[in-house]
Amino acid sequence: MAEQTTALKNDAACGTKPAPPCTLVIFGAGGDLTKRLLMPSLYNLAGAGLLPAGFSILGVDHNDGTDEGLRDTLTKTLEAFSKDPTSEFHADHIDPKSWGFIRERLHYLKGDFEKPETFAAIKAKVTGNAVFYCAVAARFFGTIVDGLGQAGLLKQEGDSFRRVVIEKPFGSDLASARELNARILKQGDESQFFRIDHFLGKETVQSIMAFRFANGLLEPVWRREYIDSIQITAAETVGVEERGGFYEPTGALRDMVPNHMFQLLCMVGMEPPNSFDAEAVRTEKAKLAEAVRPIPPEDAVRGQYAAGTSEGRDVPAYRDEPHVAKDSVTETYIALKLHIENWRWAGVPFYIRTGKRMTGRRTEIAVLFKPAPFKMFEETPTADLGPTVMRILIDPDHGVSTEFNVKVPGPQMKIGRVRSGFRYKDFFADTPNVGYETLLYDCMTGDATLFQRADNIEAGWAAVDPLLKGWPQADVTFYPAGSTGPKEADELLARDGRHWLGLDGETD
Ligand code: BG6
């Protein structure tokens, strides 16, 4: 079959021409995000010829340092990641031309994010277009934006742009997200703020729009009349490990649900936008998020992993991870049911689950269709008519798989379940991608489609607000590491006469 790719977004953002000249100022240049994801992504963008000659990077952090020091450190970490098969970036070798392009453009500035002198020093170095990337802990987001605004660094003169990328978590509840939005919007216009959610950097997530809206087959059945329920899963085998300091006050709900899981929810549930224009798409996503009925605590289950076995080795309980309290009640797993109150989805339950130290790694959206309207096959042997299930596979498999019923060959009318699937790798060349390439490029080209608008973020927090407020913190249940999660999560679905799909890609 001929391979064909079609532009999803407007021309500038199709990845065909270099971004306009600009300075990328990275707050948190010494941090993990910069090393693990931003540098490999910039390297890949350079390799694809998508960075302009007039591109430079100014790394800002609080430690002493020099341009050469930053260049050496980042060269070493990139080399180390390229050899580490578990890192997001593994390559046979580092291409000297692509890395040379980045390396020679790297500069360092020592600065305290809380001091005006830091922003004055940045101002002395930055002219024209600039993207300020907050690759720092969330408590610095507001401080950095204030510093930028007060130093006049967010003033856009002539045709030049000044944009700010803000990482997650954006707030820790509805009130703090609103406060942060109000605070940053005092320093600049909404169009200058790019709130990142790295799930939107995943090709497979972006492709949901194409899958839904470029196929006439799906639209008529993508609604309550034909769909029984939808399950959205992000199961991880990794534990919290070294991230206890961040995770203890955060937990699985804040870490994953109003942001990543809701982005998947919006992609699968939103109405078709009139175009792929950023505002058209973001408006539909915000409308969907706003239609989520606030989730009552009785529709959710919080779990925490106990000691167990993960991928063949013994692993400790969450409470025994570094920087975690011995009596912690932070959840490492959450399952919930939600409803979307609009014409398309009324009455269709959406079940969401995400957890660490689960039996398998699997991020997917499973759409379960209603059964055929009458039981023609009631009398047939093994008339085990499972529902038609369409799974959008996001990680680690990339593709779509559909399970349905067919006749088993032979003289009798016997029903069997089969699966048919599409995998990206079978049709398209594998392009190097750690997940931030499109997001960085889009920010430089000014395409906000894949970034979250203030209203979308706030709607996500509003939906989970009753859980954050009304949930007894002690109400956490335990599951062994390496399992499918707490049994209470199974009961949540059993209450509705349903069950979770397996985490191994099989329907059971
Ligand atoms: C991050 C969360 O935002 O997303 C992590 O903080 C989580 O806890 C990660 O592991 C999951 O992302 P991915 O791309 O590995 O599925």
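Read on for a plain summary of the structure. The structure presented is a predicted model; accordingly, all values stated were derived computationally and were not measured. (Residues numbered from 1 in each chain as written. Predicted model: local features only at pLDDT ≥ 70, side-chain atom pairs only at ≥ 80, totals over all residues. Heavy atoms only, no water.)

1. Considering the state of the cysteines
Taken as a whole, this structure holds zero disulfides when the rule is applied. Cysteine Cys22 shares no disulfide, and the gap to the nearest cysteine sulfur, in Cys443, comes to 8.0 Å. (Disulfide = S-S within 2.5 Å.)

2. Some words on empty space enclosed by the protein
Under the definition given, this model contains two cavities of 30 Å³ or more. Residue lining of the largest cavity: Ile166, Glu167, Lys168, Pro169, Phe170, Arg195, Ile196, Pro258, Asn259, Gln452, Ile457 and Trp461, and that is the complete set. Where the lining of the largest cavity is concerned, the elements lending two or more residues are helix H9 (251-269) and helix H13 (454-470). Residues of the lining of the largest cavity, tallied by class, amount to seven nonpolar, two polar and three charged. Its volume calculated, the second largest cavity comes out at about 30 Å³. The wall of the second largest cavity is formed by Glu236, Tyr247, Ala252, Asp255, Met256, Thr332, Thr354, Gly355 and Lys356. Those elements giving two or more residues to the lining of the second largest cavity turn out to be H9 and strand S12 (350-355). Top contributing element to the lining of the second largest cavity by residue count: H9, with three residues. Of the residues contributing to the lining of the second largest cavity, the split by class is three nonpolar, three polar and three charged. (1 Å grid on protein atoms, 1.4 Å probe; cavity = no way out; pocket = protein on both sides within 12 Å on 5 of 7 lines; lining within 4 Å. Points joined across faces, edges and corners; volume = space filled by probe spheres on them. Helix = DSSP H or I, 4+ residues; strand = E, 2+ residues; numbered from the N terminus. Nonpolar A, V, L, I, M, F, W, Y, C, P; charged D, E, K, R; others polar.)

3. Digging into the sheet that holds strand S8 (residues 300-306)
The strand order across the open sheet built from nine strands is S16-S15-S14-S13-S7-S12-S11-S8-S17, with neighbouring strands paired in mixed fashion. Single-partner strands in this sheet number two, and they are strand S16 (415-423) and strand S17 (477-480). Across the sheet, the axes of successive neighbouring strands diverge by a mean angle of 20 degrees, strand direction being ignored. The sheet contact formed by strand S15 (residues 399-407) and S16 spans nine bridges and is antiparallel. (Pairing = 2+ DSSP bridges. Axes fitted to C-alpha atoms, helices over the stretch in contact; angles between N-to-C directions.)

4. Section: the nonpolar core
Ranked by size, the top nonpolar core spans 147 residues in total, and within it Phe27, Leu42, Ile122, Tyr133, Leu338, Ile365 and Met444 carry the most contacts. With 11 residues, the single largest contributor to this core is H9. The residues contacting Ile122, other than those within four sequence positions of it, are Val25, Phe27, Leu58, Val60, Leu109, Phe132 and Leu153. (Core = buried A, V, L, I, M, F, W, Y, C linked by side-chain atoms within 4.5 Å. Buried < 20%, exposed > 50% of the residue type's maximum accessible area, 1.4 Å probe, protein only. Contact = heavy atoms within 4.5 Å.)

5. Details of the environment of Pro322
Among the secondary structure elements, Pro322 is positioned in the loop between strand S10 (313-315) and strand S11 (333-338). Sequence spacing of Pro322 and Leu50 is 272 residues, and the spatial spacing of their C-alpha atoms is 41 Å. Dropping the residues within four chain positions of it, Pro322 is found in contact with Glu241, Glu242 and Gly244.

6. Examining the packing of aromatic side chains
As enumerated under the stated definition, the model contains 15 aromatic pairs in all. Centroid distance Trp345 to Phe350: 5.2 Å. Interplanar angle 85 degrees. Geometry classified as edge-to-face. Per residue, the accessibility class of Trp345 equals that of Phe350, and both read buried. Here the aromatic rings of Tyr424 and Phe428 are separated by 5.9 Å at their centres, their planes lie at 40 degrees, and the arrangement is tilted. The class for Tyr424 is partly exposed, based on a relative accessible area of 21%. Exposure remark for Phe428: the relative accessible area of 28% places this residue in the partly exposed category. (Phe/Tyr/Trp six-rings, centres within 6.5 Å; stacked < 30°, edge-to-face > 60°.)

7. Regarding the environment of Lys168
Within the element layout of this structure, Lys168 appears in the loop between strand S5 (162-166) and helix H6 (174-185). On a C-alpha basis, the gap between Lys168 and Arg254 in space is 10.0 Å, while along the polypeptide they are 86 residues apart. Those residues within four positions of Lys168 in sequence are excluded, and the remaining contacts are Phe141, Ile196, Asp255, Asn259 and His260.

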